[in-house]
Amino acid sequence: MNTTRSSALYKEALNYFPGGVNSPVRAFKSVYGTPLFIERGEGCQIWDADGNQFIDFCCSWGPLILGHNPPTVKAKISEALDKGTSFGAPTRYGNELAALILNNNKYIEKIRFVNSGTEAVMSAVRLARGYTGKNKVIKFEGCYHGHVDHLLVKAGSGLATFGVSDSAGVPQAFAQETIVIPLNDRTALQEAFEQNKGDIAAVIIEPIPANNGLLLQDESFLNCLRLKCHQHNAMLIFDEVISGFRIGFEGAAAYYNIQPDIITYGKIIGGGMPVGAYGANKEIMAYIAPDGPVYQAGTLSANPVAMAAGIAQLTACLQPHFYENLEAKTQQFVASINAHVQTNNYPLNLFSIGSIFWFCFAKADNVRAAHEIQAEKMDYFKRFHHELLQNGVYVGPSGYEVGFVSAAHSEEELKQAQTIICRCLDIVFEKVTTT
Ligand SMILES: *Cc1c(COP(=O)(O)O)cnc(C)c1O
C-alpha cells in the first residue's frame, strides 16, 4: 500500500499539532504506521490521500449511521447553509430536531443541545449536582465520558477507590469528587454508597460500555443501579453518546427498559456535524438556566447547519425496520466471522450488540469489566489492524475501540469485508503467510 501522501501530510501536521493530530487516538500510537489522511467518503467506503480505498467500520467513531455523505443529509445541510451558518439566536431547525427526538423518545421530556458529547456529559453532571445539592459522582472503570476534568479518572484496583486522574492538569480535589468502581460489581456499588452516605449526586454509566472494548452489562446490574439511585436520592445518568440512536432510536434506555434521570447524547444525533445533547423530565430540566439555577450556555449551540444534518439523519433512522435491518446484517456479518474463528480455534471472539461489534482477542464467553481485558493480547490487534489496512478494511486504530456497521454497508460489501477479515485473521494466527 502506497502511503506517500498521507506520510507527507502527517509530517507536515507534526509541525502544527501536538502529535500531529487533533484527537489523540487518531495518532496510530498503538498500531503500526502513521495516520492515514482521509480525502473523501461515500457510502461505507473511504479513500485516503494516496487513493487507497477502504470499507470503513470506524464511521467517524460512530456518528455516521447512514454511512458517508448520505444524499438526504447533504441536501438538508445545503438547505440550511443557503440561509447562513449561525445566528446566535433560535432557529426553527432546533425546534424541528427537538420535536423529532422528543416525540419519539419516552425517556426524556425536554432537551438542551450542545456541541459535543463531552459538553453534554459535563452539563449533565452539573445538572445532577445542582438538582441534588450533592457533589460526588460514581463512575465505572472503563467507561469514557469525554474529557471532562473530574471524569478523566479510572482509578486503581481497589474497590471504591477515590479517583486519581489519568490526565495531568486535573487537580486532585476535582478527581476526589469522583468515585470509580468496576463495572458489573454490586458489592463495590453498595460500598461506594455506604462510604459516601448522603454525598452521591449521581451515578454515571455508559449503559452499553463501548469505549474500552464492548463490556455488555447484565441487565440486572443496570436495574440494581436504578434501584440504588432511587434509594439514595442520586441521579442515574445514562451516557448514551454512543448507544443513543444506535441501539434503536431510544437507545439503551429502551433496550433495557430502564428510566434514567438524565440522558446524554452525541455522535449520531448530529448527522456527522458537532452536536451533543442532554435531556431529562421537565422537572429536572427546569433547573437549567434561564429557567433555573444551573448555568449552561453555548455560542454555537443548536447551530442551524448542524441541526439540519441531525434532522435528516434521525428522520432516516425513524423509517420502519431501520434498526431491525441494521442489526440483522450486523449479526450475520459477526456470526460468519465467529464461525471462521471457531473452525480454526483462534483465540478471539467477536462480541456485538445492535450494529456495534468488538474484536476481543481472548477466548472468553463474556467480558463485563475493564480489568477482564487481557492487555497483553493487544499485540494481536496491532498485527490485525496492519493487515486489514493492507487489504482494504479500515477500523479504529486501537484494539479497545469498537466497530460500527452503517445502513450504507450493503450485504455484498459486508461479505467482501468478512472475507478480508477472515483472511487477515489467518495471517495474524499464521495459518497462511502474508503475500
Ligand atoms: C464519544 C463519547 C463521549 C465524548 O463525546 P465527544 O463528542 O467526543 O466529546 C462521551 N461519552 C461517550 C459514551 C462517548 O462515546
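Residue numbers restart at each chain and count upward from 1, following the sequence in its written direction. The predicted origin of the model limits local features to residues at a pLDDT of at least 70 and limits the giving and counting of side-chain atom pairs to 80 or more, whereas totals for whole chains, interfaces and linings rest on all residues. Excluded from the side-chain calculation are hydrogens and water; included are all heavy atoms of the structure.

Asker: Hey, could you run me through the overall build of the chain in this one?
Answerer: Helix and strand assignments follow DSSP, with helices taken as H or I runs no shorter than four residues and strands as E runs no shorter than two, numbered in order from the N terminus. Counting its regular elements, the chain contains 13 helices and 15 strands. Only C-alpha atoms enter the radius of gyration, while the globule expectation follows 2.2 Å times N to the 0.38, with N the number of residues. Rg of the C-alpha trace for the chain: 22 Å, near the compact-globule value of 22 Å for 435 residues, within the 12% margin. Across its three principal directions, the C-alpha atoms of the chain cover 65 × 55 × 45 Å. Three exposure classes are used, based on accessible area relative to the maximum for each residue type with a 1.4 Å probe and protein chains only: buried under 20%, partly exposed in between, and exposed over 50%. The proportion of buried residues among the 435 residues of the chain is 57%. Two residues qualify as a contact provided that any one of their heavy atoms is within 4.5 Å of a heavy atom in the partner residue. Summarising the internal contacts of the chain: among those between residues at least 6 apart in sequence, 70% fall at separations of at least 24. Carbon and sulfur atoms make up 51% of the accessible area of the chain, which totals about 18400 Å². For the chain, the distance from the average position of its 34 positive side-chain charges to the average position of its 41 negative side-chain charges is 2 Å. With residues, only the protein chains shown are counted as cover, and all accessible areas are computed by Shrake-Rupley using a 1.4 Å probe. The sign given to each residue is positive for Lys and Arg and negative for Asp and Glu; His and the chain ends receive no count. The atoms used to mark charge sites are NZ of Lys, CZ of Arg, CG of Asp and CD of Glu.

Asker: Looking at this structure, I do not really get the site of the ligand. What am I missing?
Answerer: As a structural note, the neighbourhood of the ligand is formed by Ser 116, Gly 117, Thr 118, Tyr 144, His 145, Gly 146, Glu 206, Asn 211, Asp 239, Val 241, Ile 242 and Lys 267. Two N or O atoms form a polar contact when they lie within 3.5 Å of each other; inside protein one atom must be a possible hydrogen donor and the other a possible acceptor, and for residues adjacent in sequence the pair counts only when both atoms belong to side chains. Between the ligand and Gly 117, the relevant distance is 2.8 Å, taken from an oxygen atom to a main-chain nitrogen or oxygen of the residue. With respect to the ligand, the side chain of Thr 118 contributes an N or O atom lying 2.6 Å from an oxygen atom. Calculation on the ligand without its partners gives an accessible area of 380 Å², and the protein chains cover 82% of this total. Residues are grouped as follows: Ala, Val, Leu, Ile, Met, Phe, Trp, Tyr, Cys and Pro are nonpolar; Asp, Glu, Lys and Arg are charged; every other residue, Gly included, is polar. Tallied by class, the residues present in the shell around the ligand amount to three nonpolar, six polar and three charged. To be near a molecule or strand, a residue needs just one of its heavy atoms within 4 Å of it.

Asker: Got a minute to help me understand the sheet that holds strand S2 (residues 45-48) in this structure?
Answerer: The strands making up a sheet are joined through hydrogen bonds of the backbone, oriented either antiparallel or parallel. Between any two strands, pairing holds if DSSP finds at least two bridges. Pairing is mixed across the open sheet formed by four strands, whose spatial order is S1-S2-S3-S14. Each of the sheet's edge strands pairs with one partner strand only, and the pair in question is strand S1 (38-42) and strand S14 (393-394). Note: strand S3 (residues 53-56) against S14, two bridges, orientation parallel. For Asp 56, the partnering residue across the bridge sits in S14 and is Tyr 394. Against the sheet, helix H13 (residues 411-428) contacts S2, S3 and S14, and its axis sits at roughly 105° relative to S3. Axis geometry follows a simple rule: fit a line to the C-alpha atoms, using only the stretch in contact for helices, then measure angles between N-to-C directions, giving values from 0 to 180 degrees.

Asker: Quick question: what am I supposed to make of the pattern of salt bridges here?
Answerer: Think of it this way: side chains of opposite charge can pair up when their charged atoms draw near. For this document, the term salt bridge refers to a Lys or Arg side-chain nitrogen within 4 Å of an Asp or Glu carboxyl oxygen. Going through the model one piece at a time under the given rule, you end up with 10 salt bridges. In this structure, the salt-bridge partner of Lys 136 is Glu 177, at a minimum N-O distance of 3.9 Å. Here the residue Lys 136 occupies a position in strand S5 (residues 136-140), and Glu 177 occupies one in the loop between helix H5 (172-175) and strand S7 (178-181), the gap between them amounting to 41 residues. According to the relative accessible area criterion, Lys 136 is buried, its value standing at 14%.

Asker: In this structure, what is going on with the pairing of S3? I would like to understand it.
Answerer: The side chains of a regular strand alternate, residue by residue, between the two faces of the sheet. Bridge analysis of S2 against S3 gives three bridges, and the strand direction is antiparallel. If you follow Ile 46 over to S3, its bridge partner there is Phe 54. Hairpin connection from S2 to S3: four residues lie between these consecutive antiparallel strands, with Gly 51 at a positive phi of about 85°.

Asker: What's the story with the packing of helix H11 (residues 322-343) against H13 in this structure? I'm lost.
Answerer: Each pair of packed helices can be described by the angle between their axes along with the distance between the axes. Direction vectors running N to C along H11 and H13 enclose 25°, while the axes themselves pass 10 Å from each other. Comparing their axes, H13 and H11 come out roughly parallel. With respect to the hand of their crossing, H11 and H13 are arranged in right-handed fashion. Mapping the contact onto sequence places Lys 329, Phe 333, Ser 336, Ile 337, His 340 and Val 341 in H11 and Leu 414, Ala 417, Gln 418, Ile 421, Cys 422, Leu 425 and Asp 426 in H13. A breakdown of the residues in the contact of H11 with H13 according to their chemical character gives eight nonpolar, three polar and two charged. For classification purposes, angles smaller than 35 degrees are called roughly parallel, those larger than 145 roughly antiparallel, those between 65 and 115 roughly perpendicular, and all remaining angles oblique. Rotating anticlockwise by less than a right angle from the far helix to the near helix defines a left-handed crossing, while the corresponding clockwise rotation defines a right-handed one.

Asker: Quick question: what am I supposed to make of the packing of aromatic side chains here?
Answerer: The geometry of two aromatic rings is summed up by the distance between their centres and the angle between their planes. Centres within 6.5 Å are what make two rings of Phe, Tyr or Trp a pair, Trp counting through its six-membered ring; a difference in plane orientation under 30 degrees is then read as stacked, over 60 as edge-to-face, and the rest as tilted. Taken as a whole and assessed by the stated rule, the structure comprises 21 aromatic pairs. Residues Tyr 16 and Phe 17 carry aromatic rings whose centres are separated by 5.9 Å and whose planes lie at 75° to one another, so their mutual orientation is edge-to-face. With relative accessibility at 51%, the residue Tyr 16 sits in the exposed group. What makes Phe 17 partly exposed here is its relative accessible area of 30%. Lysine and arginine charges are scored as sitting over a ring when NZ or CZ, respectively, is within 6 Å of the ring centre and within 35 degrees of the ring normal. Sitting above the plane of the Trp 47 ring, Arg 40 keeps its charged end 4.0 Å from the centroid. Just above the ring of Tyr 93 sits the side chain of Arg 92; from NZ or CZ to the centre is 4.8 Å.

Asker: Would you mind going over the domain arrangement of the chain with me for this structure?
Answerer: A common way to express how large an interface is: the accessible area buried when the components associate. Those domain boundaries reflect an automatic or database domain assignment. Domain assignment breaks the chain into domain 1 (4-69 + 320-433) and domain 2 (71-317). A separation of 26 Å is found between the C-alpha centroids of domain 1 and domain 2. With 26 residues of domain 1 at the interface, the matching set in domain 2 holds 32 residues. The term buried area denotes the loss of accessible surface (1.4 Å probe radius) that occurs when two parts are joined, taken as the sum for both partners. Roughly 2600 Å² of surface becomes buried between domain 1 and domain 2 when both sides are summed, with 62% attributable to carbon and sulfur atoms. Among the residues domain 1 hides against domain 2, the three largest losses belong to Tyr 323, Ile 353 and Arg 368. Together they make up 28% of the total.

Asker: In this structure, what is going on with the side chain of Thr 330? I would like to understand it.
Answerer: One can find Thr 330 in helix H11. Those residues in contact with Thr 330 that sit more than four places away from it in its chain are Gly 354, Ser 355 and Val 405.

Asker: Can you walk me through unusual backbone geometry in this structure?
Answerer: Here the bond from Ala 289 into Pro 290 is cis, since omega is 10°, no more than 30 degrees from zero. Its identity is not glycine, yet Cys 59 carries a phi of approximately 50°, on the positive side. Inspection of the secondary structure assignment puts Cys 59 in the loop between S3 and helix H2 (71-81). The phi dihedral of Lys 267 is positive, around 45°, even though this residue is not glycine. Positionally, Lys 267 belongs in the loop between strand S10 (262-265) and strand S11 (276-280). Assessed through its relative accessible area of 23%, Lys 267 is described here as partly exposed.

Asker: Can you walk me through the confidence of the model for the chain in this structure?
Answerer: Low-pLDDT stretches of the model should not have their predicted coordinates read in fine detail. A score from 0 to 100, pLDDT tells how confident the predictor is in each residue. Averaged over all residues, the pLDDT of the chain equals 95, while 97% of them reach at least 70. Of the regions scoring below 50 in pLDDT, residues 155-161 engages in 19 contacts with residues more than four places distant in sequence or in other chains.

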